[in-house]
Amino acid sequence: KTDDKIEVSSIVGHKIKEKRKIYVSLITGFKTQFLKGFVYPNDSVYLSKFMAPAYVNLALGLDYSPNKNFTVFVSPAALKWTIVNDEGLSSTGAFGVDPGKKIRAEFGAYLKVKYDKEIVKNIQMKSTLELFSNYLKNPENIDVNADVLFTFKVNKWFSASLNWTVIYDHDINIKGNDGGFGPRTQIKSVLGLGVSYTMKNYVDPPKKKK
């Protein structure tokens, strides 16, 4: 697989500062994947699958959005659940769950920064930075999830994209090429070429009165 991701997020908020555009907001999120991921180059041993892992987030805090390109969300009270719905993976403590258990719950502080902007004509940048600190265990170890996507519109039908993702979670142990086993920074880069089509709602113009 080059990429396989299901991600759903939602936010609801109430504006408390009209001029400063500050909201009291509640953010929810869900992430998992469709298909199994395997230990390269052995395609008979899987290390991930649908709902193993899955991540569920719930955070209450303040959302600051000074313009349409930039938003910052800060939560001092956030919940994060890691789900490993697979007997084989959960028994080994995969993705930070206690061996034999399928769910790991965390409570801590959460920060999410988003910046989207058309840099020049037909080149769009979308970036997200998420930080989480678990109050209950080693709060100094910050979980990091950063993503930057550049999209290039070639013409009406064709587009290209460049994507970089950086992930770090101190509770997840990964076996490295050197044989070591422990927390590691994961980096992914993807170059994509594809066909794109934008669907719009078209409304008939009002008819002129005779």
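Residues numbered from 1 in each chain as written. Predicted model: local features only at pLDDT ≥ 70, side-chain atom pairs only at ≥ 80, totals over all residues. Heavy atoms only, no water.

### Examining the sheet that holds strand E5 (residues 54-64)
- Strand order in the open sheet formed by nine strands is E1-E2-E5-E6-E7-E8-E9-E10-E13, and the pairing between neighbours is antiparallel. The sheet terminates laterally at strand E1 (6-17) and strand E13 (186-195), the two strands that pair on one side only. Here the average twist between neighbouring strands, direction ignored, is 15 degrees. (Pairing = 2+ DSSP bridges. Helix = DSSP H or I, 4+ residues; strand = E, 2+ residues; numbered from the N terminus. Axes fitted to C-alpha atoms, helices over the stretch in contact; angles between N-to-C directions.)

### A few points about the side chain of arginine 104
- Position of arginine 104 relative to the elements: it lies in strand E7 (residues 103-120).
- Overall, the relative accessible area of 12% leaves arginine 104 in the buried class.
- A polar atom in the side chain of arginine 104 sits 3.5 Å from the backbone oxygen of phenylalanine 95.
- Among the polar contacts listed, one links the side chain of arginine 104 to the side chain of aspartate 171, at a separation of 3.1 Å.
- When residues no more than four places from it in sequence are discounted, the contact partners of arginine 104 are Lys80, Trp81, Thr82, Phe95, Gly96, Val97, Asp169 and Asp171. (Buried < 20%, exposed > 50% of the residue type's maximum accessible area, 1.4 Å probe, protein only. Polar contact = N/O pair within 3.5 Å; in protein donor to acceptor, adjacent residues only side chain to side chain. Contact = heavy atoms within 4.5 Å.)

### Focus: the confidence of the model for the chain
- A residue-level look at the chain finds 94% of positions with pLDDT of 70 or above and a mean pLDDT of 90.
- The secondary structure element of the chain with the lowest average pLDDT is strand E11 (residues 174-175), at 80, and the one with the highest is strand E6 (residues 70-83), at 97. (pLDDT = per-residue confidence, 0-100.)

### Let's talk about the pairing of strand E8 (residues 123-134)
- Both E7 and E8 contribute to a ladder of 12 bridges, which runs antiparallel. Across the sheet, the residue bridging to valine 113 is leucine 129, located in E8.
- Taking the residues that link successive antiparallel strands as the turn, the E7-E8 hairpin has two residues, and the phi of asparagine 122 there is positive, at about 70 degrees.
- Sheet topology places E8 next to strand E9 (residues 142-153); 11 bridges connect them, and they run antiparallel. Within E9, the residue paired with leucine 131 across the bridge is valine 144.

### Looking at the environment of glycine 93
- Of note, glycine 93 is situated in the loop between helix H1 (87-91) and E7.
- The sequence separation of glycine 93 and asparagine 67 amounts to 26 residues, and the corresponding C-alpha distance is 43 Å.
- Those residues in contact with glycine 93 that lie beyond four places of it in its chain are Asp98 and Pro99.

### Considering the nonpolar core
- Listed in full, the eight residues of the largest apolar core are Ala52, Tyr55, Val84, Leu89, Ala94, Phe95, Val97 and Ile172.
- Residues Ile27, Ala59, Phe73 and Phe132 belong to the second largest nonpolar core, which totals six residues. (Core = buried A, V, L, I, M, F, W, Y, C linked by side-chain atoms within 4.5 Å.)

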